[in-house]
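# Understanding the architecture of this molecule
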Amino acid sequence: MLGETRVAAGGAVGERWARTDARAKVRGELLYAADQPLRPCLDVVVHRSTRPHALIGSVDTERAMAVDGVVAVVTGAQLYKLFGNALMTGPAFSDQPCLAVDRVRYIGEPVAAVLARGLAPARTAADEIEVDYTELEPVHDVDLAVAGGPYVHDVLRPSVVFGDLKHLRGKRDTNVNYEYTLRRGDVAEAAAAEGGRTVHEEFWCPPTHHVPIELPFTAAWRDGDRLEILSATQTPSYVRQSVADLLGIPLNAVRVRSAPLGGSFGAKMYDRLEPLAAVLAWTQRTAVRITASREEAFLLTTRHGAAVTGSMTADKDGRIVAATADVRYDTGAYADVGPRITAKSGMVATGPYRVENVDVRSRCVYTNKPSAGPFRGFGVPQVTWSHESLVDELARECGVDPAEFRRRNLLREGDVAPVGTPMHSADFAGCLDAVTEAVGWDTPLQREEGRLRRGRGVAVGVKAVLTPTIANAVLQLNQDASATLLISTVDMGQGSDTIMAQIAAEALCLGEGQVRVVAADTDVTPYDTITAGSRSTYHTGNAVRRAADAMRDKLLELAAERFGVAVTDVKLTGDGLVSAENQQKVSIPELLHGHFGARGTTLTTEANFTTSWVPYDHETGQSERVTEHWFAGAVAVQLTVDTATGRVHVEHLAVAGDVGRAINPKLVEQQLTGAAIMGVGHALFDQMVFDEGQIVNGTLLDYQLPSVLDVPDKITPIIVESPHRSGPYGAKGVGETTIIPLAPAIANAVRDAIGIRFPRLPLTPERILTALAEQEAGA
Amino acid sequence: MTTDVQMTVNGARHRVAVADDDLLLDVLRRLGITSVREGCGVGACGACTVLAEDHSVSSCLARAVRYDGVPLTTADGLAEDDDVVEEFVAAGAMQCGYCIPGFVLMGHELLAQNPAPTREEIAAHLEGNICRCGTYQEICSAIEATARRRQAENERRSA
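The name an unreviewed UniProt entry gives chain B is 2Fe-2S iron-sulfur cluster binding domain-containing protein, with Pseudonocardia xinjiangensis as the organism.

Chain A goes by Xanthine dehydrogenase family protein molybdopterin-binding subunit in an unreviewed UniProt entry, where it is assigned to Pseudonocardia xinjiangensis.

A count of helical and extended segments in chain A gives 19 helices and 33 strands. Rg of the C-alpha trace for chain A: 27 Å, near the compact-globule value of 28 Å for 779 residues, within the 12% margin. Each of the three principal axes of chain A carries a C-alpha extent, and together these read 85 × 70 × 50 Å. For chain A, the residues scored as buried account for 66% of the 779 residues in total. Just so you have it, chain A exposes about 26600 Å², and 48% of that area is on carbon and sulfur atoms. Positive and negative charge centroids in chain A, built from 76 and 96 side chains respectively, lie 2 Å apart.

Next up on the list: the domain arrangement of chain B. By convention, interface size is frequently given as the accessible area that disappears when the constituent parts associate. All names here are of chain B. Here chain B is described as being made up of domain 1 (2-77) and domain 2 (83-158). Counting residues at the interface gives 16 residues for domain 1, matched by eleven residues for domain 2. In total, domain 1 and domain 2 occlude about 1100 Å² of area from one another, counting both sides; carbon and sulfur atoms represent 59% of this. Inspection of the region where domain 1 meets domain 2 yields zero salt bridges. Counting across the domain 1 and domain 2 interface gives five residue pairs in polar contact (both at pLDDT 80 or more). Secondary structure elements with two or more residues in the side of domain 1 that touches domain 2: β3 (49-52) and β4 (55-58). Broken down by element, the residue count for the side of domain 1 that touches domain 2 peaks at three residues, all from β3.

What follows deals with the sheet that holds strand β27 (residues 585-586) of chain A. All names here are of chain A. The antiparallel open sheet is built from three strands, whose spatial order is β25-β26-β27. Of all strands in the sheet, those with a lone pairing partner are β25 (570-573) and β27, marking the two edges. As paired strands, strand β26 (residues 576-579) and β27 are joined by two bridges and run antiparallel to one another. Bridge pairing in β27 links Leu577 to Val586. Relative to β25, helix α15 (residues 539-563) is tilted by about 125 degrees, and along the sheet it contacts β25, β26 and β27.

With that out of the way, let us pick up empty space enclosed by the protein. Residues and elements named next belong to chain A. The final tally for this structure, using the stated rule, is five cavities of 30 Å³ or more. By volume, the largest cavity is sized at about 620 Å³. Contributing to the lining of the largest cavity are 44 residues, with Met492, Gln494, Ser534, Gln671 and Gly735 lying nearest its centre. Those elements that place two or more of their residues in the lining of the largest cavity are β21 (452-464), α14 (496-508) and α17 (665-684). Of the residues that constitute the lining of the largest cavity, the class distribution is 19 nonpolar, 18 polar and seven charged. Approximately 120 Å³ is the volume attributed to the second largest cavity. As for the second largest cavity, its lining consists of 17 residues, of which Pro216, Ala267, Lys268, Arg272 and Leu300 are closest to the centre.

What follows covers the domain arrangement of chain A. Residue and element names in this part refer to chain A. As assigned here, chain A comprises domain 1 (22-30 + 469-610), domain 2 (34-138 + 211-300) and domain 3 (302-466 + 616-778). Here domain 1 and domain 2 have C-alpha centroids that lie 38 Å from each other. With 18 residues of domain 1 at the contact, the number on the domain 2 side is 21 residues. Across the domain 1/domain 2 interface, buried area totals approximately 1400 Å², and carbon plus sulfur atoms make up 54% of it. Our count for the domain 1 to domain 2 interface comes out at three salt bridges. A salt bridge links Arg255 to Asp523; the shortest N-O distance between them is 3.8 Å. Summed over the shared surface of domain 1 and domain 2, the result is seven residue pairs in polar contact (both at pLDDT 80 or more). Classifying every residue of the side of domain 1 that touches domain 2 gives nine nonpolar, five polar and four charged.

Here we come to the UniProt feature "domain: Aldehyde oxidase/xanthine dehydrogenase a/b hammerhead" (unreviewed entry) in chain A. Mapped onto the present numbering, the UniProt feature "domain: Aldehyde oxidase/xanthine dehydrogenase a/b hammerhead" (unreviewed entry) falls at residues 27-137 of chain A. Structurally, residues 27-137 of chain A is divided into 21% helix and 35% strand, and its ends, taken at the C-alpha atoms, are 52 Å apart.

Let us look at the interface of chain B and chain A. Contact with chain B, which involves 42 residues of that partner, is made by 46 residues of chain A. At the boundary of chain B with chain A, total buried surface from both sides reaches about 3600 Å², with 59% on carbon and sulfur atoms. With a closest N to O distance of 3.1 Å, Arg23(A) and Glu80(B) form a salt bridge. In this assembly, chain B and chain A are joined by 20 residue pairs in polar contact (both at pLDDT 80 or more). Elements supplying a minimum of two residues to the side of chain B that touches chain A: α2 (83-91), α3 (100-113), α4 (119-126) and α5 (136-158) of chain B. Looking at the side of chain B that touches chain A, its residues break down into 25 nonpolar, nine polar and eight charged.

Residue and element names in this part refer to chain A. Within this structure, the stated rule accounts for nine aromatic pairs over all chains. Their ring planes at 75 degrees and their centres at 6.4 Å tell us that Tyr106 and Tyr334 sit as a pair that is edge-to-face. With Tyr106 in the loop between β6 (103-104) and β7 (110-116) and Tyr334 in the loop between β17 (320-332) and α10 (338-346), the pair connects residues that are 228 residues apart, well separated along the chain. Residue classification places Tyr106 among the buried positions, given a relative accessible area of 5%. Plain terms: the ring middles of Tyr538 and Phe609 are 5.6 Å apart, the flat faces sit at 75 degrees to each other, and that makes the pair edge-to-face. Residue Tyr538 is found in the loop between β24 (515-518) and α15, and its partner Phe609 is found in strand β28 (residues 602-610); the two are separated by 71 residues along the sequence. Here Tyr538 and Phe609 have matching classes, each one buried. Here a set of aromatic residues connected by ring pairs shows up, and it is made of Tyr180, Trp613 and Tyr616.

Let us now look at the layout of surface pockets. Residue and element names in this part refer to chain A. If you add up the space inside the second largest pocket, you get close to 910 Å³. When residues of the lining of the second largest pocket are traced back to their parent elements, those giving at least two are β4 (88-89), α7 (236-247) and α10. Of all the elements, α7 adds the most residues to the lining of the second largest pocket, at seven residues. Counted by class, the lining of the second largest pocket contains 23 nonpolar, twelve polar and five charged residues.

Conventions we followed
Per-chain numbering applies: the sequence of each chain, read as written, is numbered from 1 onward. Here chains are named by letter from A upward and ligands by number from 1 upward, in the order in which they appear as written. The model is predicted, so local features are restricted to residues of pLDDT at least 70 and side-chain atom pairs to those at 80 or more, both for listing and for counting; the totals for chains, interfaces and linings are taken over all residues. Values reported for side chains reflect all heavy atoms of the structure, with hydrogen atoms and water molecules removed beforehand. Secondary structure elements follow DSSP: runs of H or I of four or more residues count as helices, runs of E of two or more count as strands, with numbering from the N terminus. The globule rule used for comparison is 2.2 Å times the number of residues to the exponent 0.38, while the radius of gyration itself is calculated over C-alpha atoms. Residue burial is assigned from relative accessible area. The probe radius is 1.4 Å, only protein chains are included, and a residue is buried under 20% of its type maximum, exposed over 50%, and partly exposed in between. Using a 1.4 Å probe, the Shrake-Rupley method yields the accessible areas, and only the shown protein chains count as cover for residues. For this count, His and the chain ends are skipped, Lys and Arg are scored as positive, and Asp and Glu as negative. For this purpose, a charge sits on NZ of Lys, CZ of Arg, CG of Asp or CD of Glu. The start and end points of each domain follow an automatic or database-based domain assignment. Contact definition: two residues touch when any of their heavy atoms are within 4.5 Å. Accessible area that two parts lose when put together, evaluated with a 1.4 Å probe and summed over both, is termed the buried area. Between Lys or Arg on one side and Asp or Glu on the other, a salt bridge is scored when a side-chain nitrogen of the former is within 4 Å of a carboxyl oxygen of the latter. Whenever two N or O atoms come within 3.5 Å, that pair is a polar contact, provided that in protein one can donate a hydrogen and the other can accept it, and provided that, for residues adjacent in sequence, both atoms are side-chain atoms. Here, a strand pair is defined by DSSP locating no fewer than two bridges between the strands. Angles shown run from 0 to 180 degrees and are taken between the N-to-C directions of axes, each axis being a line fitted to C-alpha atoms and, for helices, limited to the stretch in contact. A 1.4 Å probe that fits into a set of points on a 1 Å grid over the protein atoms alone but cannot get out defines a cavity; an open set with protein on both sides within 12 Å along at least five of seven lines defines a pocket, and lining residues are those with an atom within 4 Å of a point. Grid points are joined across faces, edges and corners, and a volume is the space filled by probe spheres set on the points. As a working rule, the residues Ala, Val, Leu, Ile, Met, Phe, Trp, Tyr, Cys and Pro are called nonpolar, Asp, Glu, Lys and Arg charged, and the rest polar, with Gly in that last group. UniProt positions are given in the numbering used here, feature names are shortened, and annotations may be inferred rather than shown by experiment. Stacked, edge-to-face and tilted labels apply to pairs of Phe, Tyr and Trp rings (six-membered ring for Trp) whose centres lie within 6.5 Å, assigned for plane angles under 30 degrees, over 60, and everything in between, in that order.

Encoded structure:
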């Protein structure tokens with residue numbers, strides 16, 4: 001390993017420590033946000049738009065006000081009078097009001113809010129609100145929206161969060177709110193070369209939903225000139241800034257607390273229920289609580305549906321020489337972080353391959369649907385669906401085994417990616433080798449078994465980590481040698497509390513259970529950009545490591561002073577501090593007691609870890625340093641297709657991710673496996689269905705999620721470790737790695753089994769049966 | 001209409017006034033039992049599972065008034081040394097943990113009916129519970145381990 005790695009006596013990193021909250025989770029004693037005791041709160045229920053696109057005439061709240069228990073009814077127009085354009089929030093574009101002001105842009109958009117004593121009267125009253133609409137022509141289809149009007153927004157409003165969106169301010173007559181282009185070499189020339197082969201296809205990934213089982217929840221209350229929020233959010237630091245901006249008050253007047261999340265996967269971040277809760281508590285000088293129902297949760301955010309027109313060209317020697325992707329992300333009525341998704345996925349839209357000639361156009365498009373936002377993979381699974389289907393077909397065209405074809409073309413350490421940034425700690429080939437070996441890729445396959453057809457497929461994925469970002473950690477070593485770690489990372493099931501405890505324990509030779517992580521509270525825990533994008537292990541982990549290293553150095557100094565020896569002579573071990581010169585020993589409790597002269601004292605260190613980038617060129621998309629590091633993963637699958645029912649049955653799913661170094665192998669395996677199971681859903685059945693802007697399957701009776709019966713017969717999670725030179729103990733994150741190539745691996749195996757390429761997700765039994773019937777008719 | 005009922009939860013009796021349409025889920029949470037959680041409101045995810053006389057019930061669909069005097073068990077009320085809980089912890093059968101109490105209770109119900117379930121029988125019994133984090137393998141392993149443990153204990157006792 002390179003760089004700042006120093007050997008610590010440790011014994012924490014690389015161990016399968018139990019989750020810090022394992023028992024509390026199993027017994028149901030862990031308190032999620034909605035389980036926490038609160039002061040009495042008014043319940044808030046919103047009245048929602050029944051139109052996909054309309055002007056709001058009048059909002060009649062009289063009958064709602066008359067419902068017993070109702071305290072207030074608030075409309076968007078009233079809020080706009082108080083807050084003006086500050087009411088418009090969003091991480092990339094300031095385009096979304098918490099209550100529609102003069103126009104609704106999707107079916108289900110909040111129009112007015114009822115505050116009542118109890119949920120039941122709030123719900124009754126919300127139904128009593130009547131809105132007079134003047135309908136506008138809606139646009140539902142992403143490609144129609146690209147082509148022209150009607151326009152969902154009159155004018156683009158980039159936020160101040162991302163400086164590089166400034167040039168879009170004031171742009172009119174378009175539904176395309178962001179466009180990223182990646183250009184390198186000459187695609188046309190490369191594609192025309194003699195002996196080359198080109199494949200191309202139109203792909204579609206439908207919108208899907210995160211469906212964390214914990215429902216969205218936010219409570220807010222006003223205390224004089226301060227606002228406090230308790231929210232199920234992945235982004236407490238962001239929410240503090242957003243609410244301070246909205247209310248026009250200082251950051252220290254807003255306190256945001258999060259809690260352990262009951263899953264999130266991108267659903268609970270940026271501005272969700274918090275702006276509405278904040279303005280209601282602030283303006284009504286009261287305490288409010290918003291509990292979304294499952295049906296409402298479907299309206300809060302979605303995963304982008306995406307259309308991709310892609311091509312890939314190999315030369316006569318089977319080298320990939322050109323690739324293109326025209327990506328259209330359906331971002332719905334509000335941009336949320338869609339423009340970032342568009343860029344982050346556009347830069348890897350041609351895959352983890354050495355390709356000298358690329359042409360990518362990635363666009364973020366408004367339509368009259370619920371807003372789409374971040375979802376595990378951040379748009380990259382949608383482009384991977386394209387490049388991993390294309391490369392598979394191209395291998396077949398070239399008469400080369402799909403795994404071997406990829407192996408010849410994969411980016412290796414030191415290679416420069418099409419986006420212009422060199423690769424490091426991204427062992428695609430190692431991941432590919434591991435998964436193909438696991439499923440016995442080169443062993444004979446019994447292809448037919450009665451009505452079953454058996455096949456194998458493989459896919460590789462690449463993603464760049466969010467850059468630049470900021471992480472901070474404050475570490476308190478208590479006199480009794482227990483430690484308290486203050487970070488704003490939110491544990492939502494990925495196990496960050498455990499991972500951070502292990503990183504802190506490693507440098508200080510502490511044991512399991514000795515480091516406690518404080519839940520994010522902006523009054524107490526320091527700024528952290530977001531808990532998302534698999535960034536925490538690397539970024540916050542580095543801040544924690546630095547704080548722990550600084551703590552160890554302090555202990556060494558105190559011990560050296562006590563022993564009367566040089567600092568370099570003292571070692572920290574599991575038994576305390578030891579002098580090599582004169583064999584003196586002191587435990588941490590004795591050392592701190594001696595130093596402070598009291599029990600119960602604390603020694604504090606803090607550290608920051610900030611990453612930087614070189615912004616990509618607006619014309620070519622190129623950057624020599626577009627990201628701090630890369631995620632690399634591969635999936636191989638063996639499955640059967642039932643030709644009578646169209647059902648796919650996964651026999652063996654092998655998933656691998658290069659995590660740099662596994663801080664806790666058990667938790668890494670759970671991320672590799674959990675993301676894979678979610679990906680099986682995306683491949684085979686998971687999708688939000690809209691009819692003229694109306695969700696038709698927005699309940700868990702209608703929306704299918706992977707159950708225990710959808711788990712493959714065998715799952716093999718494989719940890720690949722090519723240490724990152726500046727990762728904490730070499731580590732990187734893992735939350736998204738295996739969901740990225742999952743769906744195409746399954747589709748490639750289906751292709752292998754029945755000879756049919758499916759360019760549209762999901763591969764439902766209906767689609768497969770229809771395609772088999774067409775195949776038969778054609779034959 | 002409001003009725004005074006006796007909710008018997010984990011052996012403790014509570015007299016509560018419930019409306020005819022009060023859901024068992026909401027009444028339990030009003031009593032401070034937060035291991036019972038809403039995930040879907042339509043009986044499709046299992047996060048609100050309780051045991052009523054050892055039978056699993058989706059408390060988001062159940063009317064509280066029908067459980068007057070019926071002994072109810074929730075995961076937080078299981079014995080401190082509950083074997084299913086211990087095997088879930090040992091197997092690492094949790095990620096975000098939100099759905100896990102429901103699975104623990106389903107495990108109890110299954111093992112009471114079938115002390116030696118096959119993997120297929122376990123899966124069939126858990127079909128109605130959703131773990132969005134995808135911890136199914138560990139959950140099934142934990143239930144299998146509990147069955148083995150009970151069997152070993154029985155053999156020891158009878159030996």
